[in-house]
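Given next are the chains, with one letter for each unit.
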Amino acid sequence: MDDAGETGPSCRRWRAHFLACLAESSNITESARRAGVSTSKVYKERRQDPEFARAWLAALWEGYFLLEIEVLRRLREGDQKAKDGERYDFANALRLLVAHRENAAHAAAQQRNVSAAEVRASIDRKVEAIRLRLEREKALKSNGA
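Cut-offs and rules
Residues numbered from 1 in each chain as written. Predicted model: local features only at pLDDT ≥ 70, side-chain atom pairs only at ≥ 80, totals over all residues. Heavy atoms only, no water. Salt bridge = Lys/Arg side-chain N within 4 Å of Asp/Glu carboxyl O. Buried < 20%, exposed > 50% of the residue type's maximum accessible area, 1.4 Å probe, protein only. Helix = DSSP H or I, 4+ residues; strand = E, 2+ residues; numbered from the N terminus. Phe/Tyr/Trp six-rings, centres within 6.5 Å; stacked < 30°, edge-to-face > 60°. Lys NZ or Arg CZ within 6 Å of the ring centre and 35° of its normal. 1 Å grid on protein atoms, 1.4 Å probe; cavity = no way out; pocket = protein on both sides within 12 Å on 5 of 7 lines; lining within 4 Å. Points joined across faces, edges and corners; volume = space filled by probe spheres on them. Nonpolar A, V, L, I, M, F, W, Y, C, P; charged D, E, K, R; others polar. Contact = heavy atoms within 4.5 Å.

Caption draft 1: Seen up close, the pattern of salt bridges. If you walk through the whole model with that rule in mind, you get 14 salt bridges. Two residues, Arg74 and Asp79, come together in a salt bridge whose shortest N-O distance is 3.2 Å. A residue is classified by how much of its surface remains accessible, and Arg74, at 7% relative accessible area, is buried. Across the salt bridge formed by Arg131 and Glu135, the nearest N and O atoms sit 2.2 Å from each other. Taken as a pair, Arg131 and Glu135 lie in helix 7 (residues 116–144) at a separation of four residues, close to a single helical turn. Classification of Arg131 as partly exposed rests on a relative accessible area of 33%. In this structure Glu135 comes out as partly exposed when scored by relative accessible area, which is 42%.

See below:
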């Protein structure tokens, strides 16, 4: 249903736009705003429509996966600058990944048809590897400075 209480193309359009934004940003509020609907509307739809709930989870998984890939790319390439020219906030990126690893694990398990525990363990290993790499780089900088 769309905000007018109808079903059909209008509903599918905002849903598709919302899910695309969610996969890009992992930000529900911003994705709803960009899709032109309220956050209460998207949460209501998620509760009422299991297919939309599954697509939501898949979009979140994609968003977390993209964030993880972005952090790894930046670490490998030494890319420390954000779009605004400021230093990229690795600490917050890692906090976001850790805070949402349960959702990411659940979504990934659905995508791959494996248990959430297996996916969680995989995410934990990756996050720990990133944390250790950041610590090593920090130690190298402090020893070299």
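Caption draft 2: Quick peek at unusual backbone geometry. With a phi angle near 60 degrees, Ser26 is a residue other than glycine that sits in the positive phi range. Checked against the element boundaries, Ser26 lands in the loop between helix 1 (9–25) and helix 2 (28–35).

Caption draft 3: Region of interest: the packing of aromatic side chains. Counting across every chain of the model gives eight aromatic pairs. For the pair Trp14 and Phe52, a centre-to-centre distance of 5.8 Å together with 75 degrees between the ring planes defines the contact as edge-to-face. One end of the pair, Trp14, is in helix 1; the other, Phe52, is in helix 4 (residues 50–77), with 38 residues separating them in the sequence. Pair check on accessibility: Trp14 and Phe52 agree, each one buried. A ring pair is formed by Phe52 and Trp56, whose centres lie 5.9 Å apart and whose planes are at 85 degrees; its orientation type is edge-to-face. Separated by four residues within a single helix, Phe52 and Trp56 lie in helix 4, roughly one turn from each other. A relative accessible area of 3% places Phe52 in the buried class. Judged by relative accessible area, Trp56 falls into the buried class, the value being 1%. Chaining the aromatic ring pairs together yields one cluster made of Trp14, Phe18, Tyr43, Phe52 and Trp56. One cation-aromatic arrangement involves Arg15 over Phe52; the distance from NZ or CZ to the ring centre is 4.7 Å. Seen from the ring of Trp56, Arg46 lies directly overhead, with NZ or CZ sitting 4.5 Å from the centre.

Caption draft 4: Layout of the layout of surface pockets. Taken as a whole, the largest pocket holds about 260 Å³ of empty space. Together, Glu70, Arg74, Ala82, Lys83, Tyr88, Asp89 and Ala93 line the largest pocket. Along the lines of polarity and charge, the residues of the lining of the largest pocket split into three nonpolar, no polar and four charged.

Caption draft 5: Molecular detail of the environment of Leu19. Its location among the elements puts Leu19 in helix 1. For Leu19, a relative accessible area of 18% corresponds to the buried category. With 33 residues separating them along the chain, Leu19 and Phe52 place their C-alpha atoms 9.1 Å apart. Non-local contacts of Leu19, meaning those with residues more than four positions away in its chain, are made with Phe52, Ala55, Trp56 and Ala59.

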